[in-house]
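Here is what each chain is made of, one letter per residue.
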Amino acid sequence: MSERTGLDDLFSFEEEAPPRTGRERGRRPRAALRTVVVAAAVTAVVLAGLRAVGLQVSIWIVVAGVLAVLAVRRVTAALSPPPPPRGGYRAPAGEEPGSYNWGARDALRAAINGWAVPLDWSGTRPERFSNVVLPRLAELADERLRQRHGLTRESDPARARALLGDRLWTFLDTPPRRTPSPRDLAAIVAELEKI
């Protein structure tokens with residue numbers, strides 16, 4: 001039985017909360033106590049400073065102001081972007097030289113490594129190709145079929161086989177005994193792109 005999945009379901013991500021341990025349970029009261037102590041200390045300093053210059057302000061106004069500042073500080077700290085990596089990397093100013101910075105960490109390099117490393121390992125260990133690379137190729141084929149034709153290999157095998165062709169269907173359905181050569185892989189990828 002196939003289920004219909006909407007775009008909202010595909011693009012939503014809900015992370016399961018990890019089980020709370022005894023240490024984590026004690027952090028919340030400790031943080032609240034620390035906030036109260038800091039608020040009391042800052043309130044005392046502010047009141048002493050105001051009284052030193054001859055101003056009389058209600059203690060509750062000062063407490064509310066201090067708590068508001070602490071709340072804004074906590075929210076901005078939670079929403080701030082992560083700090084830049086400490087590698088001495090500087091962004092180039094002006095025009096870029098036109099060459100790719102292979103030392104930088106970015107999404108393109110991660111995607112390349114996502115394929116390059118398993119392909120490299122599978123050259124010496126054929127079972128690695130069947131266990132790591134072949135499932136990724138099958139996912140790509142299913143995704144292309146789903147996007148372009150509204151089906152997957154599992155939902156409509158006959159039509160999927162006709163769209164994939166016998167060679168690609170057999171390749172994805174039965175694991176090869178040895179790692180395919182780069183030329184064979186290039187032909188498989190070309191067939192995947194035609195879908």
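On a predicted model such as this, the values are computed, not experimentally measured, just so you know.

### Re a positive patch on the surface
Stage number 1. Together, Arg27, Arg30, Arg34 and Arg74 give the surface a local cluster of positive charge.
Stage number 2. With 3 residues, helix α2 (residues 22–52) is the largest single contributor of residues to the positive patch.
Stage number 3. Positionally, Arg34 belongs in helix α2.
Stage number 4. Given the relative accessible area of 53%, Arg34 is considered exposed.

### Focus on helix α5 (residues 126–149)
Stage number 1. Taking 1.5 Å as the rise per residue, α5 with 24 residues should run 34 Å; its terminal C-alpha atoms sit 32 Å apart, in good agreement.
Stage number 2. Of all the bends in α5, the greatest, near 35°, is centred on Val133, and the proline Pro135 appears no more than four residues after it.
Stage number 3. Turning to α5, its buried residues are Phe129, Ser130, Val132, Val133, Leu134, Leu137, Ala138, Ala141 and Leu145.

### Some remarks on the packing of α5 against helix α6 (residues 157–164)
The relative placement of two packed helices is expressed as an angle between their axes plus a distance between the axes.
Stage number 1. For the pair α5 and α6, the least separation of the axes is 11 Å and the interaxial angle reads 100°. It follows that α5 is roughly perpendicular to α6 by the angle criterion. Contact with α5, carried on its side by Ala141, Leu145 and His149, involves Arg159, Ala160, Leu163 and Leu164 of α6 and no other residues of that element.
Stage number 2. For the contact of α5 with α6, the class distribution of residues is 5 nonpolar, 1 polar and 1 charged.

Calculation rules
Residues numbered from 1 in each chain as written. Predicted model: local features only at pLDDT ≥ 70, side-chain atom pairs only at ≥ 80, totals over all residues. Heavy atoms only, no water. Patch = residues over 30% accessible without salt bridge, like charges linked within 9 Å, V, L, I, M, F, W, Y side chains within 5 Å. Areas by Shrake-Rupley, 256 points an atom, 1.4 Å probe, with all protein chains shown as cover. Salt bridge = Lys/Arg side-chain N within 4 Å of Asp/Glu carboxyl O. Lys, Arg positive; Asp, Glu negative; His and termini not counted. Charge placed at Lys NZ, Arg CZ, Asp CG, Glu CD. Helix = DSSP H or I, 4+ residues; strand = E, 2+ residues; numbered from the N terminus. Buried < 20%, exposed > 50% of the residue type's maximum accessible area, 1.4 Å probe, protein only. Expected span 1.5 Å × (residues − 1). Bend = angle between axes of the 7 residues up to and from the residue. Axes fitted to C-alpha atoms, helices over the stretch in contact; angles between N-to-C directions. Parallel < 35°, antiparallel > 145°, perpendicular 65-115°, else oblique. Contact = heavy atoms within 4.5 Å. Nonpolar A, V, L, I, M, F, W, Y, C, P; charged D, E, K, R; others polar.

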